[in-house]
Amino acid sequence: MVRRNEAKMNNRHQTKKRLSGLLWTLLLLTIFLAGLLIWTVLNIPRPLPSLSRETAEYLAMSGVNNPVTAVLLNFRGYDTMLEVMVFLLGAMTVWSITHAPFPARVANPSPVQATAVRLLTPLVCLIGGYLIWQGAYQTGGAFQGGAVLSAGVVLLLISDFIWVPRMHSLPLRLGMAVGPLLFVILAIWGVITEGSLLKLSPENAWAYLLFLEAGCGISIGLTLAAFFAGGRPLGDLREEPYKADQDDGEEG
Amino acid sequence: MISAESWIIVPVVAPLSGALLSFLIRRGSVIISMTAAALNGLAAIILVKQFLQAGPAVYAIGGWNPPLGITLHTDGPSLIMLAMTAVAAIAICLYAWGYFSLRIDEPVRIGRAERQESFFWPLWMLQLTALNGLFLSGDIFNLYVTLELLGISAAALAALSGKTSALIASLRYLLVSLLGSLSYLLGVVFIYKTYGVLDLVLLQKMAGMEPGVIAALAFMSVGLLLKTALFPMHFWLPPAHANALAPVSSILSGLVVKASFFLLFRLWFDIFSPVLPASAFSLMGFLGAGAVLWGAIQSLRQKRLKLLIAYSTVSQLGYLFIAFPLAFAGGTSQAWSTVLFMAAGHACAKIAMFMAAGNILLHIGHDRIKDLAGIRAHLPITSFAYAAAGVNLIGLPPSAGFVAKWMMLITALSTHQWLWALVLLAGSLLAAAYVFKVTSQLFVIPPDTTLIMRHRSAPLLEWPALILALISLLMGLMAPYPLRLLEIGVTPEVVMLLGGGP
Amino acid sequence: MTNLLYSFTGLILFIFGFFALIVCAQPLRKILGCNVMATGIFLFLVATSYRADAAAIDPVPQAMVLTGIVVSVSVTAVALVLATSIRQASDPFIARRKKKAKGDARKKQ
Amino acid sequence: MDAGLTYIYTCFDIVLSAALLWLAWQLLRSTDIFKAIIFFICFGLLMSIAWVRMHAPDVALAEAAIGAGLTGPLFLAALRRMELGSRKERRIDGKEERSEDE
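S.K.: What is the right way to look at the overall build of chain A in this model?
M.R.: When you go through chain A residue by residue, the secondary structure sums to 10 helices and zero strands. A total of 252 residues make up chain A; the buried ones form 49% of that total. Across chain A, the fraction of contacts at a sequence separation of at least 24, relative to all contacts at a separation of at least 6, is 76%. Accessible surface, chain A as shown: approximately 11,700 Å² in total, 72% of it carbon and sulfur.

This is the structure we're talking about:
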């Protein structure tokens, strides 16, 4: 216990020392910034402009009833394509930096957790799937459904089922790349059939968007789980012949 | 059925699908990335040809017109940057292929080189997508997403070498670029709050002197200055660029820093030029002058070659910002030509320099400047490439740097702004100092110790550096062609019904 | 009235996050500060589109905020993994244990 | 929306904003990092209430699911991995394993 208080003491001591220094100038700076910002917000002309008129006008042609999903996937679909790529890029970066930590040598997962996982996983898939499906006409969509799906996968990761960290990375990579791949395919398909990137013909746009949303939901679910796993799946380690990677400085 | 004008989407879609495929098929990632870079080069050529015939083009994505949809623009400046990125991308792909194939059969650390290569190609292709997306996009929120994509992939590439110092530099770089993107986003929010419109062309028509616009411009400029590492905010650049792998540091120094500068220049000169006071431009000039002098002095003090080149990036960026007050006096299209010429020349020269430094590091294991004597015997092409790129940095006659500095000097003298002329000359002298500091080691001093070469020099490593150095050297000779590109209407006059139909 | 109140809250959150990002030394706190900053900007953005009757709500800011949340999650995840691997690389105790664990994993395969 | 209802709404807004600001201040000032992360999760949940109040249900769902529901555990997992080796290793069965480097 002594060691814990020590850490807390020097932490508080450290904060006190830092508070007196450059902090006061920074405090003044931020208060001045806050004043400036609030003055600007007050002077912005009152009838705040909004694009709700245009969205309502073309909502019928976008294939979905929920205006937010329409803006997200159809009117500004190019934004979402890049943004799903940012998500996959995050997973690539996490995988390129380190490998997933080795599963803790725990005796056996407590039976309560094991049965809870067995019960919850199908329920999570059901709710996630419904949220993705519901995105077209109500609140919901690929991101929210994908987040719920990822909660299920994280549950599997926590409960230390032996096969989860040992999985080879190809199925995971395919699952993660499904959303962006569908986006790129739809984009090119839009150019071929309708003459403009990501342009969907109004009558069967709802089918394209539903298909696209399901793909994005799955890839977001797996990517968020990869963030939680914190590194490359251990299945990849078999490919790299193990050699103590000592850090000899003059790296290229 | 695929209309000719849909070539504009190839610079974004080709590297994007290249990144996805090379992420899935690890064995074929080199060939996939090569084809994506070649396709990108082809698209750049065709877009320039279309631009010369038909002038600026606007492409509404998904068929939705601006206030609601996003548009891609091709006008003079974005095409020059697109062409520069295409040329640099092909050279970097070739160099990286040679670099990784050489390092994989290196006995020291099996496994690390394979991991780096298997993740280098998708990350590099995503970075190329972000660069092309940023040069073409005409929507300020879309520019935020491309800036974010650029920031994360740059930090990921910087962290690829796995050393602890690289990881620390990459975390600092990521946090700084996140802070920059968030303040840029706050600027976007202010603009949306005042005008309710996100498209650049519509904004240009509406831009007026309102408190919301001033706050937006302030935040956007601070965010972009952070990402461009201008003088007071350059602390994160040298460690990130020096500790990265050779192909990665050439990408970071040559291309990534230019993208946020290009966005800043477009905002200040194309969209919000009526709103900005003269004092803002001279503030940029002073910061640029500080960057030029401080960067040059710092790079003179460096012991390691890669740190020297990283600090020279900081100083060369300063020149781009000195062009702000000069352009404010000279006139917009003339400003674009000086700045873009300097940026393109610097990109080729800096990439060639970092490739040369990477070759030296790969072949003799260290890059301490004082022990470089006698390299020219073993790596003649690399030494010549380094010297040719140095010529461009100093700004000697045939190179692009000379043409840009010459135009700046003329504008400075004609508009009686002596300070900037003085800073330009002092900067060139300092640049000459830190280039000769290295070339004297390479060429003049006789080799005293017998250098142990770790392996014979591979052609794929040396020739891309030489070609890029020669391009930056001879770019001055073919100066009139890019300038003609800028004379054709700066921004497209597009008839736009507010809330236009599909 | 609601627009102004939530706009001010969003701006003050932005300034809190900015302040924390500069002052705090631990990387974990800096990343927390970034998240608070991002949430502040999104609150400021959606406060623009608030209307009393639900029909005239403008969906574009909501789409922008969704994109922003997803982007800030991926940046946070990357920053956390970087901070963790820096911490583990620079800590002798973890490095030794990691090599031993990697050795056992190799033997088990 | 008669006057009574708008009055209630304004009170609710003021209380919610005050709570958000207090949580953010506590989040950044508290010394123990574990406490800060718990504050962050509460902050995320309160934010999703704010989104619902501003008629933005999609964002409320996303904020609750991703902002509080996943970023919080990400921070906790990172904290655990960082602390795992340095000060002490909390074994699952609770025995304190002696760590050499202190």
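S.K.: Whenever I open this one, the interface of chain D and chain C confuses me. Can you help?
M.R.: Opposite the 44 residues of chain D that make contact, chain C presents 44 residues. Around 4,000 Å² of area is buried between chain D and chain C when both sides are counted, 77% of it from carbon and sulfur atoms. It is D:Leu28, D:Met54 and D:Met82 in chain D that bury the most area against chain C; as a group they hold 18% of the surface buried on that side. One can count zero salt bridges joining chain D with chain C. Our count for the contact surface shared by chain D and chain C stands at four residue pairs in polar contact (both at pLDDT 80 or more). Secondary-structure elements contributing two or more residues to the side of chain D that touches chain C are α1 (3-29), α2 (33-53), α3 (57-68) and α4 (71-85) of chain D.

S.K.: Just checking my understanding: could you explain unusual backbone geometry for this structure?
M.R.: The phi angle of most residues is negative, glycine excepted, and most peptide bonds adopt the trans form. Residue and element names in this part refer to chain B. A positive phi angle is found at Ala229, which is not glycine, with a value near 55°. Relative to the helices and strands, Ala229 resides in the loop between α8 (211-228) and α9 (237-242). Even without being a glycine, His416 presents a positive backbone phi close to 55°. Topologically, His416 is positioned in the loop between α16 (400-414) and α17 (418-444).

S.K.: Sorry, what's going on with the interface of chain B and chain A here?
M.R.: Interface size is commonly expressed as the accessible surface area that is lost when the partners come together. Tallying the contact residues gives 75 residues for chain B and 62 residues for chain A. For the pair chain B and chain A, the summed buried surface comes to about 6,300 Å²; carbon and sulfur atoms form 71% of the total. Area buried by chain B at its contact with chain A is led by B:Phe23, B:Trp64 and B:Leu68, which between them contribute 12% of it. If you look at where chain B meets chain A, you find one salt bridge. In this structure, B:Asp139 engages A:Arg76 in a salt bridge whose closest nitrogen and oxygen atoms are separated by 2.8 Å. The interface formed by chain B and chain A contains 10 residue pairs in polar contact (both at pLDDT 80 or more). For the side of chain B that touches chain A, the class distribution of residues is 45 nonpolar, 20 polar and 10 charged.

S.K.: Help me out: how do you make sense of the state of the cysteines in this one?
M.R.: Cysteine pairs can be linked by a disulfide, which is a covalent bond between their two sulfur atoms. As enumerated under the stated definition, the model contains zero disulfides over all chains in all. Between A:Cys125, a cysteine without a disulfide, and A:Cys216, which holds the nearest cysteine sulfur, the sulfur-to-sulfur distance is 18 Å. Not engaged in a disulfide, the cysteine B:Cys348 finds its nearest cysteine sulfur in B:Cys93; these two sulfurs lie 15 Å apart.

S.K.: Where do I start with the confidence of the model for chain B in this structure?
M.R.: Caution is warranted with low-pLDDT regions, since their predicted coordinates should not be read in detail. Residues and elements named next belong to chain B. Averaged over all residues, the pLDDT of chain B equals 85, while 91% of them reach at least 70. Mean pLDDT values for the elements of chain B range from 74 in helix α19 (residues 480-487) up to 94 in helix α5 (residues 140-158). The model gives residues 490-502 a pLDDT under 50, and that stretch makes 23 contacts with residues more than four places away or in other chains. In the predicted complex, the global pTM is 0.89; the interface-specific ipTM is 0.88.

S.K.: I tried to follow the confidence of the model for chain A on my own but got confused; where do I start?
M.R.: Mean pLDDT for chain A: 79, with 77% of residues reaching 70 or above. Throughout residues 241-252 of chain A the model reports pLDDT below 50, and contacts reaching past four residues in sequence, or to other chains, amount to 32 contacts.

S.K.: Whenever I open this one, the environment of C:Val73 confuses me. Can you help?
M.R.: Secondary-structure assignment places C:Val73 in helix α3 (residues 59-89). C-alpha separation for the pair C:Val73 and C:Leu28, spaced 45 residues apart in sequence, amounts to 14 Å.

S.K.: Help me out: how do you make sense of the packing of helix α5 (residues 77-97) of chain A against α5(B) in this one?
M.R.: When two helices pack together, their arrangement is captured by the angle between the axes and the distance separating the axes. Interhelical geometry of α5(A) versus α5(B) gives an angle of 15° and a closest axis separation of 10 Å. By the criterion of interaxial angle, the relationship of α5(A) to α5(B) is roughly parallel. Here the hand of the crossing between α5(A) and α5(B) comes out left-handed. On α5(B), the residues touching A:Tyr78, A:Asp79, A:Leu82, A:Glu83, A:Met85, A:Val86, A:Leu89 and A:Thr93 of α5(A) are B:Phe141, B:Asn142, B:Val145, B:Thr146, B:Leu149, B:Ile152, B:Ser153 and B:Ala156. Class assignment of the residues belonging to the contact of α5(A) with α5(B) gives a composition of 10 nonpolar, four polar and two charged.

S.K.: How do you make sense of the pairing of strand β2 (residues 71-74) of chain B when you look at a structure like this?
M.R.: Residues and elements named next belong to chain B. Burial along β2 is two-sided: the face carrying Thr71 and His73 and the face carrying Leu72 and Thr74 are both buried. Strand direction decides the pairing type here: strand β1 (residues 57-60) and β2, joined by four bridges, are antiparallel. If you follow Tyr59 over to β2, its bridge partner there is Leu72.

S.K.: Sorry if this is basic, but what is going on with α1(D) here?
M.R.: Spacing of three or four residues puts side chains on the same side of an α-helix, whose turn is 3.6 residues. Its 27 residues give α1(D) an end-to-end C-alpha distance of 39 Å, which sits within 8% of 39 Å, the value for a rise of 1.5 Å per residue. Taken together, the buried positions of α1(D) are D:Asp13, D:Leu16, D:Ser17, D:Leu20, D:Leu23, D:Ala24, D:Gln26, D:Leu27 and D:Leu28. Contacts made by the buried residues of α1(D) are with α1 (2-23) and α2 (27-48) of chain C together with α2 of chain D.

Analysis parameters
Residues numbered from 1 in each chain as written. Chains lettered and ligands numbered in written order. Predicted model: local features only at pLDDT ≥ 70, side-chain atom pairs only at ≥ 80, totals over all residues. Heavy atoms only, no water. Helix = DSSP H or I, 4+ residues; strand = E, 2+ residues; numbered from the N terminus. Buried < 20%, exposed > 50% of the residue type's maximum accessible area, 1.4 Å probe, protein only. Contact = heavy atoms within 4.5 Å. Areas by Shrake-Rupley, 256 points an atom, 1.4 Å probe, with all protein chains shown as cover. Buried area = accessible area lost by both parts, 1.4 Å probe. Salt bridge = Lys/Arg side-chain N within 4 Å of Asp/Glu carboxyl O. Polar contact = N/O pair within 3.5 Å; in protein donor to acceptor, adjacent residues only side chain to side chain. Nonpolar A, V, L, I, M, F, W, Y, C, P; charged D, E, K, R; others polar. Disulfide = S-S within 2.5 Å. pLDDT = per-residue confidence, 0-100. Axes fitted to C-alpha atoms, helices over the stretch in contact; angles between N-to-C directions. Parallel < 35°, antiparallel > 145°, perpendicular 65-115°, else oblique. Left-handed = near helix turned anticlockwise from the far one by under 90°. Pairing = 2+ DSSP bridges. Expected span 1.5 Å × (residues − 1).

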